[in-house]
Amino acid sequence: MSVNYAASLSPYEDKGKCGVPEVFDSVAELSSKMDTLADVLRTCKYLVVHTGAGVSTTAGIPDFRGPKGVWTLEKQGLAPQVDISFADARPTITHMAMVALETQGVLKYLVTQNIDGLHLKSGLPRSKFSELHGNVFVERCRTCGREYVCGEPTPTVGLKLTGNRCKGGGRHGRCRCAGRQERIVE
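Residues numbered from 1 in each chain as written. Predicted model: local features only at pLDDT ≥ 70, side-chain atom pairs only at ≥ 80, totals over all residues. Heavy atoms only, no water.

Undergrad: Lay out the confidence of the model for the protein chain in plain terms, naming residues and giving numbers.
TA: For the protein chain, the average pLDDT comes to 85, and 84% of its residues sit at 70 or higher. When pLDDT is averaged over each helix and strand of the protein chain, the minimum, 60, is found for strand E7 (residues 180–183) and the maximum, 98, for strand E2 (residues 107–112). (pLDDT = per-residue confidence, 0-100. Helix = DSSP H or I, 4+ residues; strand = E, 2+ residues; numbered from the N terminus.)

In structure tokens form, the structure reads like this:
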């Protein structure tokens, strides 16, 4: 699936404020903010992080409302120039920093709005994060709820049957529910 999945989303009017310019701090300001963040991380007892499209932009996946965001360009009658697929996208330094923080016991949980699967690809344990809008690499049995991580992303967006059958347990390698799998991307 192309990272231009936004074209497949249901239309709706209010997409928030689009095209806000990015702000870049001076080296001194950035250094000061990094020191403050490091102090917070050293002293916090229970860190939960919420990520969105910005953590995946350096992987080549566009955001929605940034200067070159999907919805910003849409308002201008343009389409994003996307050179990467979800299958080819790789975790960014931010994704790997989350893994390092979890490994060190600092990060307790992560919540993401992203469907790109990069937190999963990064090696962050599935028990340590939730994907609010699903994941293009995960199917779920409609009947028993068992989830399957797939090697290829879904070609569609939405809760749609994939044609795959649940294989969990039961006789003949199928789950007793004999349920059908669906992609869990909203």
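Undergrad: Run through the pattern of salt bridges, naming residues and quoting values.
TA: In the structure shown here, the tally under the stated rule is 6 salt bridges. Among the salt bridges present, the one from Asp-25 reaches Lys-33, with a minimum N-O distance of 2.9 Å. Judged by its relative accessible area of 43%, Lys-33 falls in the partly exposed class. Put simply, Arg-42 and Asp-39 hold a salt bridge, and the shortest N to O gap is 2.6 Å. Of this pair, Arg-42 and Asp-39 both sit in helix H1 (residues 27–43), 3 residues apart, roughly one helical turn. A relative accessible area of 42% places Asp-39 in the partly exposed class. (Salt bridge = Lys/Arg side-chain N within 4 Å of Asp/Glu carboxyl O. Buried < 20%, exposed > 50% of the residue type's maximum accessible area, 1.4 Å probe, protein only.)

Undergrad: Describe in detail the packing of aromatic side chains, supporting the description with residues and values.
TA: By the definition in use, this model includes 1 aromatic pair. Their ring planes at 50° and their centres at 4.5 Å tell us that Phe-64 and Trp-71 sit as a pair that is tilted. Residue Trp-71 is classed as buried on the basis of its relative accessible area of 7%. (Phe/Tyr/Trp six-rings, centres within 6.5 Å; stacked < 30°, edge-to-face > 60°.)

Undergrad: Which residues make up the nonpolar core, and what values do they have?
TA: Listed in full, the 10 residues of the largest apolar core are Leu-47, Val-49, Met-98, Val-99, Leu-101, Val-106, Leu-107, Leu-110, Leu-124 and Phe-129. Going through the elements one at a time, strand E1 (47–51), helix H3 (93–103) and E2 are the ones with two or more residues in this core. Sorting elements by how many residues they give to this core places H3 first, with 3 residues. Once residues lying within four places of it in the same chain are set aside, the contact partners of Leu-47 are Leu-41, Leu-101, Val-106, Leu-107, Lys-108 and Tyr-109. (Core = buried A, V, L, I, M, F, W, Y, C linked by side-chain atoms within 4.5 Å. Contact = heavy atoms within 4.5 Å.)

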